[in-house]
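# Residue-level structural notes
Here is what each chain is made of, one letter per residue.
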Amino acid sequence: AQSVTQLDSHVSVSEGTPVLLRCNYSSSYSPSLFWYVQHPNKGLQLLLKYTSAATLVKGINGFEAEFKKSETSFHLTKPSAHMSDAAEYFCVVVRNNFNKFYFGSGTKLNVKP
Amino acid sequence: SQTIHQWPATLVQPVGSPLSLECTVEGTSNPNLYWYRQAAGRGLQLLFYSVGIGQISSEVPQNLSASRPQDRQFILSSKKLLLSDSGFYLCAWREGLAGTYTGELFFGEGSRLTVL
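Okay, so let's go over this structure. Everything quoted here is computed from the prediction, not taken from an experiment.

What counts as what
- Residues numbered from 1 in each chain as written.
- Chains lettered and ligands numbered in written order.
- Predicted model: local features only at pLDDT ≥ 70, side-chain atom pairs only at ≥ 80, totals over all residues.
- Heavy atoms only, no water.
- Helix = DSSP H or I, 4+ residues; strand = E, 2+ residues; numbered from the N terminus.
- Polar contact = N/O pair within 3.5 Å; in protein donor to acceptor, adjacent residues only side chain to side chain.
- Disulfide = S-S within 2.5 Å.
- Buried < 20%, exposed > 50% of the residue type's maximum accessible area, 1.4 Å probe, protein only.
- Contact = heavy atoms within 4.5 Å.
- Salt bridge = Lys/Arg side-chain N within 4 Å of Asp/Glu carboxyl O.
- Nonpolar A, V, L, I, M, F, W, Y, C, P; charged D, E, K, R; others polar.

## Topic: the environment of Ser84 of chain A
Residues and elements named next belong to chain A. The residue Ser84 is located in the loop between strand 9 (73-78) and strand 10 (87-95) in this model. The sequence separation of Ser84 and Arg95 amounts to 11 residues, and the corresponding C-alpha distance is 32 Å. Reaching out from Ser84, the side chain makes a polar contact with the side chain of His82 at a distance of 2.9 Å.

The following block contains the structure:
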């Protein structure tokens with residue numbers, strides 16, 4: 001079975017400080033993992049994806065994530081937060097060759113001036 | 001390039017009225033199509049997905065139905081809306097390729113439904 005746990009429902013950081021959004025997954029098979037961002041009343045936009053290639057994945061807007069199989073984690077990081085990063089972030093897992101995507105419950109990122 | 005269109009963007013409907021939300025994808029063929037619902041504080045819930053014309057998989061028994069009358073068209077419907085149908089509905093697609101495939105979902109801008 002596949003599942004995703006986002007460990008924090010809300011994260012608050014100051015502008016210019018690092019961002020860490022945590023995600024743990026459970027998968028019986030080699031998964032693909034994604035991070036999406038959603039701004040209020042908008043659709044979801046892909047930030048980055050892991051598909052069994054390099055374990056350190058770089059995405060858009062300065063975000064990156066590291067796949068750690070031993071820890072079953074796929075945490076999202078950014079060295080320096082910007083006000084425009086304030087949004088909700090979703091970690092997603094899918095079993096390769098299958099059609100069901102499993103979404104985490106989301107983490108709302110607040111960026112303080 | 002591929003695009004996804006979803007409409008209407010906002011809808012306010014009385015309880016018991018019908019519903020039709022439409023989603024179309026351009027620039028690709030035979031996509032996998034999905035309907036998700038996002039209710040306040042409840043994350044994304046997969047409602048339906050389709051791997052081809054007329055092929056619909058339902059994930060959650062409920063008051064809604066989906067149809068795929070054309071390759072790139074996906075419709076979400078209800079005959080009689082309930083208050084609990086309120087939410088933000090998102091259509092999404094991914095490449096429908098066979099074999100080992102790890103493609104991401106691409107989302108529409110969403111439809112906000114309020115049932116009063």
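And the narrative resumes.
## Thoughts on the state of the cysteines
Residue and element names in this part refer to chain B. Counted under the stated rule, the structure contains 2 disulfides over all chains. Disulfide partner of Cys23: Cys91, at an S-S distance of 2.0 Å. On the S-S bond that ties Cys23 to Cys91, the torsion sits near -75 degrees, and the link is left-handed. In this pair, Cys23 sits in strand 3 (residues 19-26) while Cys91 sits in strand 9 (residues 87-94), placing the two residues 68 residues apart along the sequence. Just as Cys23 is buried, Cys91 falls in that class too.

## Points about the interface of chain A and chain B
Taken together, the contacts link 20 residues of chain A with 23 residues of chain B. Where Glu104 of chain B meets Lys49 of chain A, a salt bridge forms, and the shortest distance between an N and an O atom there is 2.7 Å. The tally of links from chain A across to chain B stands at 5 residue pairs in polar contact (both at pLDDT 80 or more). Elements supplying a minimum of two residues to the side of chain A that touches chain B: strand 5 (31-38), strand 6 (44-50) and strand 11 (101-103) of chain A. Sorting elements by how many residues they give to the side of chain A that touches chain B places strand 5 of chain A first, with 4 residues. The residue makeup of the side of chain A that touches chain B, split by class, is 8 nonpolar, 9 polar and 3 charged.

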